[in-house]
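Coordinates in review
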Amino acid sequence: MKNQSIIVIGAGFAGLSAGIYAQMNGYQSQIFEMHNLPGGLCTAWKRKGYTIDGCVHWLVGTSPQSEMYHYWEEVGVMPGLKIVNPEEFMRYETSDGRTLILYSDVDRLEKHLLDFSPQDAKPIQQFIQGIRLCMKFDQPSPSDPWLTRLGKKMKLGWLYVAKGKAFHEMMKISTYEFTQVFKDPILRDAFQEMWLPEFSIFFILFTFGFLHKKNAGYPIGGSMPLSQAMAQRYLDLGGIIHYQSRVNKILVENNQAVGIKLEDGSQPTADRVISAADGYSTIFKMLDGKYVDDEIKERYEKWPRFPALLYIGLGVNRLFPDEPQSVSGLSFPLRQPTEIGDAVQSRLSVHLFNQDPTLAPAGKTSLVVMMPSNYQYWKDLSSDPAAYQAKKEQIGQTIVHLLNQRFPGISQDVEMVDVATPLTFERYTGNWQGSFEGWLITPQNTMTVLKPTLQTLSGLQNFYMCGQWIEPGGGLPSAVMSARRLIQTICKEDKEEFHATVK
Ligand SMILES: Cc1cc2nc3c(=O)[nH]c(=O)nc-3n(C[C@H](O)[C@H](O)[C@H](O)COP(=O)(O)OP(=O)(O)OC[C@H]3O[C@@H](n4cnc5c(N)ncnc54)[C@H](O)[C@@H]3O)c2cc1C
């Protein structure tokens, strides 16, 4: 069965990984990517000597002891990366001068939260216990010696028996529900800003577990080097990437996928087709909505998505030695609520890339201000290109002005402002209505994280999907893992053993 051909749509992390694992297992794969770069959402762009990083804040799997580290080695991202582990996840400043710091170290976090709000000792302890519990659910790394792996697996099995119920209970609680028990409104607001109210609290607990174990560091150089390393790994394994090749249709004969139709009209064929592109375009456009069942309807009609974003990159001619290095940056209150695009904001969240000097010329810093924004607002505005452009410029000026409130005089030092809207994300990556990470993990769909579905579509043979529209929660690791799992499935169909090698 080997030497069969596979077409992969999309050269994001999922598509590149699908290609990498396909090549490792003897399949002849080709990737068709509409952009002229690899990486999809894991990207960056240059403006006036600054790099605006469009993605990575934290990369789960940076600890060599973790299972994910091994997969990063397989896809060519590790070793060789310089990782920093910021001491803070995020800072939340208030108008009365208090600062809530969400430390990466769980002991420090516990102490700070208890000092910050002694009246909330009980829910804080529950939160911290939850993090400590999640830290124990540590999958063995495939590179561990077999005895260590066996020991870890036995420990995990025991943990599932002993703590499985508590674990499943946590999955059912949303961030909003969890935060309602806090008496201090700052804690409530900060936790909800940190993620989103619908998010399962379980995800936040894991986040802090990873941070504590230094398993979610920031890779110096940011997103683009990661994407380039994976693309190179794929090419080294004999794969072919066709850039600027937008796929319009998936060709189907007798309910079997046989190839794709590109925008230029050409129709390459293959034994199998994998879409690692946006889920909505794949199912409803490339396949004309012909294979839609109840599960797909449920997802696309009801599941909440990560929002679309307004993403403002700034280049500033100053350093920020007194500001902490952080995963997500700091959120500060505005003196007055201010209209920014489609919404009135009372706070601004700014990420100083002061941990990564490679993103700016010497002595300067790259900054990002990011906030959810309504896709339809921008879609409507884009019917008048001049108005769309003017709004972007106005937003840029407003942000610079507002940053002065937190960093006095900064507007004098701003050398570059770049405003990306939900339409920018849609145009460059195809993601449905500009969503930046696919489906949210909610109490209703957490089981799908553990057991992903929709890898295949019912009624359609030789067609597969992987990436962030398969597994709620999205993210770079799950893009890789969903592709790895998919190639395992394909090997199983062909009754072949799955192989993966480290570079
Ligand atoms: C601002 C931001 C911050 C983030 N921060 C993090 C983080 O810190 N850590 C983390 O793990 N994750 C983060 N993510 C999420 C992460 O980037 C995504 O979940 C992940 O990259 C998704 O990978 P993917 O391959 O599934 O999809 P995508 O990256 O969307 O890849 C899909 C690919 O398909 C291509 N494509 C689409 N349609 C077509 C077509 N018709 N024909 C040909 N090609 C097509 C696209 O151009 C794209 O290259 C962040 C994302 C954003 C936007």
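This write-up is about the structure you can find in this document. Just so it is clear, the structure is predicted and the values come from calculations on it, not from any experiment.

Moving on: the sheet that holds strand 14 (residues 308–316). Spatially, seven strands are ordered 8-7-15-16-17-14-18 in an open sheet, and the strand pairing comes out mixed. Strands with a single pairing partner mark the edges of an open sheet, and in this sheet they are strand 8 (99–103) and strand 18 (414–420). Strand-to-strand twist across the sheet, computed as the mean angle between neighbouring axes with direction ignored, equals 25°. Summarising the sheet, strand 14 and strand 18 pair through six bridges and their orientation is antiparallel. Its bridge partner lying in strand 18, glycine 313 is registered against aspartate 418. Of the strands in this sheet, strand 7 (88–93), strand 8, strand 15 (330–340) and strand 16 (343–352) touch helix 7 (residues 185–194), which is tilted by about 130° from strand 7. Taken strand by strand, helix 13 (residues 385–406) contacts strand 7, strand 14, strand 15, strand 16, strand 17 (365–373) and strand 18, and its axis lies near 130° from that of strand 15.

What follows deals with helix 17 (residues 476–493). With 18 residues, helix 17 should cover 26 Å at 1.5 Å per step; its first-to-last C-alpha distance of 26 Å lies within 8% of that length. Looking at the buried residues of helix 17, the elements they touch are helix 1 (13–24), strand 5 (59–60), helix 2 (67–74), helix 9 (223–236), strand 13 (272–275) and strand 19 (463–465). A positive phi of about 55° marks lysine 495, the residue just after helix 17.

For the ligand, the set of nearby residues contains 38 residues, the closest of which are Glu33, His57, Asn431, Gln468 and Gly475. The contact in question runs from an oxygen atom of the ligand to an N or O atom on the side chain of glutamine 468, over 2.7 Å. A distance of 2.8 Å is found between an oxygen atom of the ligand and a backbone nitrogen or oxygen belonging to glycine 475. Here the ligand, which alone exposes 1,000 Å², has 96% of that area covered by the protein. Among the residues forming the shell around the ligand, the class breakdown is 22 nonpolar, 13 polar and three charged.

This part covers the packing of aromatic side chains. Per the stated rule, a full pass over the model turns up 30 aromatic pairs. Aromatic pair tryptophan 303 and tryptophan 439: ring centres 5.6 Å apart, planes at 85°, arrangement edge-to-face. Here tryptophan 303, found in the loop between helix 11 (294–302) and strand 14, pairs with tryptophan 439, found in the loop between helix 15 (422–429) and helix 16 (446–450); they are 136 residues apart in sequence, far enough to count as distant. Exposure remark for tryptophan 303: the relative accessible area of 15% places this residue in the buried category. On the basis of relative accessible area, tryptophan 439 is assigned to the buried category, the value being 0%. When the ring of tyrosine 377 is compared with that of tryptophan 378, the centres are 5.2 Å apart and the planes differ by 85°; the resulting orientation is edge-to-face. Judged by relative accessible area, which is 24%, tyrosine 377 ranks as partly exposed. The structure contains a cluster of three or more aromatic residues connected by ring pairs, namely Trp58, Phe89, Phe127, Phe178, Phe182, Phe191 and Phe208. The side chain of arginine 98 reaches across the aromatic face of phenylalanine 116, ending 4.1 Å from its centre. Against the face of tryptophan 432 rests arginine 305, its NZ or CZ located 3.8 Å from the ring centre.

About the thresholds
Residues numbered from 1 in each chain as written. Predicted model: local features only at pLDDT ≥ 70, side-chain atom pairs only at ≥ 80, totals over all residues. Heavy atoms only, no water. Pairing = 2+ DSSP bridges. Helix = DSSP H or I, 4+ residues; strand = E, 2+ residues; numbered from the N terminus. Axes fitted to C-alpha atoms, helices over the stretch in contact; angles between N-to-C directions. Contact = heavy atoms within 4.5 Å. Expected span 1.5 Å × (residues − 1). Near = heavy atom within 4 Å. Polar contact = N/O pair within 3.5 Å; in protein donor to acceptor, adjacent residues only side chain to side chain. Areas by Shrake-Rupley, 256 points an atom, 1.4 Å probe, with all protein chains shown as cover. Nonpolar A, V, L, I, M, F, W, Y, C, P; charged D, E, K, R; others polar. Phe/Tyr/Trp six-rings, centres within 6.5 Å; stacked < 30°, edge-to-face > 60°. Buried < 20%, exposed > 50% of the residue type's maximum accessible area, 1.4 Å probe, protein only. Lys NZ or Arg CZ within 6 Å of the ring centre and 35° of its normal.

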